[in-house]
Amino acid sequence: MKLLLLFSLVALAQCLVHRMPLRKGKTLRKSLQEHGLLERYLKQHPYDPAAKYFRTGVSSEPMQNYMDNSYYGTISIGTPPQEFTVIFDTGSSNLWVPSVYCASLSCSDHKRFNPADSSTFVSTNNSLYIAYGTGSMSGILGYDTVKVADIEVYNQIFGLSETEPGDFFYYCPFDGILGLAFPSISSDGATPVFDNMMNEGLVARDLFSVYLSKNEESGSFVLFGAIDPYYVTNGISWIPLSAETYWQITMHRVSIEDEVAACQSSCQAIVDTGTSLLAMPNGDLTKIFKALGATSSGEIKCEDRHTLPDVVFHINGATFPVTPSAYVVESDGVCSLAFEGMDVPTESGELWILGDVFIREYYVIFSRGKNMVGLSRLA
């Protein structure tokens, strides 16, 4: 087994694969809290994780969905390169960053792309509009060289923001978003970055994989074009997609201590690196809280967290447990469950979002070649 792993690692080093390191940093929620703005923000922007998955005439990408994200990576755009900190989001498909055309206060504390400083930038007459509920981001679309890890994607279309919503974005620890979902949900028909990587033969395989570290550990990454054998020694469970929009799969049920606790008649789930918590229908949230002995707001006694059971997800004939060490969050001496409620009905059933709380327990492979998600439990 060790010899096989060694051969695999050598092959990985020689292949056309590209590792994008992710760093774990401060969340937007923490930044707002430190500046005494969290309460006002939540009043003006009622948090609804479901809003990200509603598709209307305009693109909807509420920044509230990124309040608790803490994994960021650095990309560059242009010639010479201009660097930006972005969230790698499997729940959206567009790439956008602030631009020098943005006069909003929110842009003033972020890196802004300057087309005049890039010899490879190509402008368009196409505009970009993304609704945020109480505000909006508007801008223009352009083409330029985008570098992700050591991959250079030429003539990549991306959004340059001209206005951004409210003063809260000023405190965001990231500059923009790089979407890794399917072209079918891309705003304005823009080709996603990973699609161009595949189309131009820049990756060895039509897949990417994600490892998110726990707690304050370093080492998180997105690996383009390969599966790192070090993280799949427990084997890979492959799950077919139920829709080629988000990374959406069918989940059969959720159990606690061998009893069905939620998703009784199957439901849909999206594996989303751009959502921090585990989101589920409000009715199921109530059941989960009750089964785990939590209050209606999801709080538990901190001393109880070591005796709580696993929450087990049954998907495609396999079981995927999430341990209490993963789903209990302690902040300022208060312990709560990292679950949140929402209601998004789909044609195939109610929707769950398997965010970073779930993803940290597994090495996740997003295969466009197979149209499958692969999960391998981490040690």
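Keep in mind it's a predicted model, so treat the numbers as computed, not measured. (Residues numbered from 1 in each chain as written. Predicted model: local features only at pLDDT ≥ 70, side-chain atom pairs only at ≥ 80, totals over all residues. Heavy atoms only, no water.)

Draft legend 1. Focus on the pairing of strand β4 (residues 71-77). When you tally the buried positions in β4, you get six out of seven residues, the bulk of the element. In this structure, β4 lies alongside strand β5 (residues 82-89), joined through five bridges in antiparallel fashion. When the bridges of β5 are listed, T74 appears paired with T85. What sits between β4 and β5 in their antiparallel hairpin is a turn of four residues, with G78 showing a positive phi close to 100°. (Buried < 20%, exposed > 50% of the residue type's maximum accessible area, 1.4 Å probe, protein only. Helix = DSSP H or I, 4+ residues; strand = E, 2+ residues; numbered from the N terminus. Pairing = 2+ DSSP bridges.)

Draft legend 2. A look at the sheet that holds strand β23 (residues 334-337). What the three strands build is an open sheet, ordered β19-β23-β22; its pairing is antiparallel. The outermost strands of the open sheet, each flanked by one partner alone, are β19 (299-300) and β22 (328-331). Where β22 meets β23, four bridges bridge the pair, whose relative direction is antiparallel. Residue V329 lies in a different strand from β23, and its bridge partner there is S336.

Draft legend 3. The arrangement of helix α5 (residues 282-291) in detail. D284, L285, I288 and F289 are the residues of α5 that are buried. For α5, the buried positions fall inside an angular range of 140° around the axis, keeping them on one side. Seen from the buried face of α5, the exposed residues on the opposite side, beyond 90 degrees, are T286 and K290. Just downstream of α5 lies G293, where phi reads positive at about 70°. (Arc of directions from axis to C-beta.)

Draft legend 4. Representation of the pattern of salt bridges. What the rule picks out here adds up to five salt bridges. In this structure, E361 and K214 form a salt bridge, with 3.2 Å as the shortest nitrogen-oxygen distance. Note that E361 is positioned in the loop between α7 (356-359) and β27 (362-367) and K214 in the loop between β11 (207-211) and β12 (221-224), a separation of 147 residues in sequence. On the accessibility criterion, E361 (5% relative accessible area) is buried. Judged by relative accessible area, which is 28%, K214 ranks as partly exposed. For R305, the salt bridge identified is with E330, shortest N-O distance 2.9 Å. Taken together, the residues R305 in the loop between β19 and β20 (311-315) and E330 in strand β22 connect sequence positions 25 residues apart. Under the relative-accessibility criterion, R305 is labelled partly exposed at 26%. Since its relative accessible area comes to 43%, E330 is described here as partly exposed. (Salt bridge = Lys/Arg side-chain N within 4 Å of Asp/Glu carboxyl O.)

Draft legend 5. Broad picture of the state of the cysteines. Within the structure shown, the criterion is met by three disulfides. There is a disulfide in this structure between C102 and C107, and the S-S distance comes to 2.0 Å. In this structure, the disulfide formed by C102 and C107 twists by about 80° around the S-S bond and is classed as right-handed. Of the two residues examined, C102 and C107, each falls in the buried class. Put simply, C302 and C335 are joined by a disulfide, and their sulfur atoms are 2.1 Å apart. Of note, the bridge from C302 to C335 carries an S-S torsion of about 110° and is right-handed in sense. Of the two residues, C302 sits in the loop between β19 and β20 while C335 sits in strand β23, which places them 33 residues apart along the sequence. According to the relative accessible area criterion, C335 is buried, its value standing at 1%. Numbered in order of appearance, the disulfide-bonded cysteines of the chain are paired 1-2, 3-4, 5-6. (Disulfide = S-S within 2.5 Å.)

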